[in-house]
Amino acid sequence: LSHRATAGFLSRLDEAARAVPDQFYKDLEEHLSATRPRIAVSTDSHAFPSGCAGLTMAIRCALTSSGVRYRLQHRPDPAQRARVDIAIPAASIAIDVRSCFWASCELHPPAPYEKAERWKKKLEKIGAQNLAKEDVLHELGWQVLVIWEHEKADAATGRILELIGSRLSRAS
């Protein structure tokens, strides 16, 4: 049995308050400890994972410490499928953190060597989807800020805070 199934079985045994042989109960508890999922402990000195996920986390931490309220995977228009990675609704700012490979960064263009034509079509489609999302957001009055995975978190956060300040000062 899996760890989860064993834990469930033990809890049902406890709830039922039925007489169960001690050895059977002991065997189940041993099985439970043997199948316990191991928590991976990172020996890496970096606080965040690499790539977009790490950059997004670093930006989120910086925004939180600056007192900025934001939403994750926000849909500015519920009728549209488009979601933004980080949204700041108070200033109508959409932050899109993009991968250099998937969004075809100009500094780090993807160069797949196998099935190049297929990849070219796929990456062009993703680029078109990103442009369409930006157009929809602009029509809704949102300012779109694109941050690439190769950017430093501090510089990106600085750009975000500057844009928030200019949008909020213009609104008041």
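Residues numbered from 1 in each chain as written. Predicted model: local features only at pLDDT ≥ 70, side-chain atom pairs only at ≥ 80, totals over all residues. Heavy atoms only, no water.

Here's the deal with the overall build of the protein chain
So, step 1. Secondary structure summary: the protein chain contains 5 helices and 4 strands in total.
So, step 2. Here the protein chain, with 172 residues, has 30% of them falling under the buried criterion.
So, step 3. For the protein chain, the proportion of contacts with a sequence separation of at least 24, taken over those separated by at least 6, is 56%.
So, step 4. Of the roughly 11,900 Å² that the protein chain leaves accessible, carbon and sulfur atoms contribute 53%. (Helix = DSSP H or I, 4+ residues; strand = E, 2+ residues; numbered from the N terminus. Buried < 20%, exposed > 50% of the residue type's maximum accessible area, 1.4 Å probe, protein only. Contact = heavy atoms within 4.5 Å. Areas by Shrake-Rupley, 256 points an atom, 1.4 Å probe, with all protein chains shown as cover.)

Brief notes about the packing of aromatic side chains
So, step 1. According to the stated counting rule, one finds 1 aromatic pair in the structure shown.
So, step 2. In this arrangement the basic side chain of Arg118 is found over the ring face of Trp119, its NZ or CZ atom lying 5.7 Å from the centre. (Phe/Tyr/Trp six-rings, centres within 6.5 Å; stacked < 30°, edge-to-face > 60°. Lys NZ or Arg CZ within 6 Å of the ring centre and 35° of its normal.)

Regarding the side chain of Glu151
So, step 1. Within the secondary structure, Glu151 sits in the loop between β4 (143-148) and α5 (153-171).
So, step 2. Exposure remark for Glu151: the relative accessible area of 18% places this residue in the buried category.
So, step 3. From its side chain, Glu151 meets the backbone nitrogen of Trp148 in a polar contact 2.9 Å long.
So, step 4. Apart from residues lying up to four places away in sequence, Glu151 is in contact with Leu55, Val146, Ala156 and Arg159. (Polar contact = N/O pair within 3.5 Å; in protein donor to acceptor, adjacent residues only side chain to side chain.)

Overview of helix α4 (residues 116-139)
So, step 1. Between its terminal C-alpha atoms α4 stretches 35 Å, which fits the 34 Å expected from 24 residues at 1.5 Å a residue.
So, step 2. Packed against the buried residues of α4 are β2 (84-88), β3 (93-98) and β4.
So, step 3. Where α4 ends, the next residue or the one after it, Gly141, has phi of about 90 degrees, a positive value. (Expected span 1.5 Å × (residues − 1).)

Examining helix α1 (residues 3-16)
So, step 1. Its 14 residues give α1 an end-to-end C-alpha distance of 20 Å, which sits within 8% of 20 Å, the value for a rise of 1.5 Å per residue.
So, step 2. What α1 keeps buried is the set Thr6, Gly8, Leu10 and Leu13.
So, step 3. Just downstream of α1 lies Ala17, where phi reads positive at about 55 degrees.

Topic: the sheet that holds β4
So, step 1. The strand order across the open sheet built from 4 strands is β1-β2-β3-β4, with neighbouring strands paired in mixed fashion. Edge positions in the sheet fall to β1 (71-74) and β4, since each of these pairs with one other strand and no more. The sheet shows a mean angle of 35 degrees between the axes of neighbouring strands, taken without regard to direction.
So, step 2. As defined by bridge partners, β1 adjoins β2 across 3 bridges and the pair is classed as antiparallel. Pairing of His74 across the sheet is with Val84, part of β2. (Pairing = 2+ DSSP bridges. Axes fitted to C-alpha atoms, helices over the stretch in contact; angles between N-to-C directions.)

Points about the nonpolar core
So, step 1. If you look at the biggest cluster of nonpolar residues, it comprises 18 residues, and the most contacted ones within it are Ile59, Ile88, Ile93, Ile95, Ile147 and Ile160.
So, step 2. The set of elements that each furnish at least two residues to this core consists of α3 (51-65), β2, β3, β4 and α5.
So, step 3. With 5 residues, α5 is the single largest residue contributor to this core.
So, step 4. Sequence-distant contacts of Ile93, defined by excluding residues within four places in its chain, comprise Ile86, Ala87, Ile88, Trp142, Gln143, Leu163, Ile164 and Arg167. (Core = buried A, V, L, I, M, F, W, Y, C linked by side-chain atoms within 4.5 Å.)

Re the pairing of β3
So, step 1. The buried count for β3 comes to 6 of 6 residues, which makes it a mostly enclosed element.
So, step 2. By the alternation rule, side chains of β3 split into Ile93, Ile95 and Val97 and Ala94, Asp96 and Arg98, which are all buried.
So, step 3. Between the end of β2 and the start of β3, which pair antiparallel, lie 4 residues, with Ser92 showing a positive phi angle near 50 degrees.
So, step 4. Both β3 and β4 contribute to a ladder of 6 bridges, which runs parallel. For Ala94, the partnering residue across the bridge sits in β4 and is Val144.

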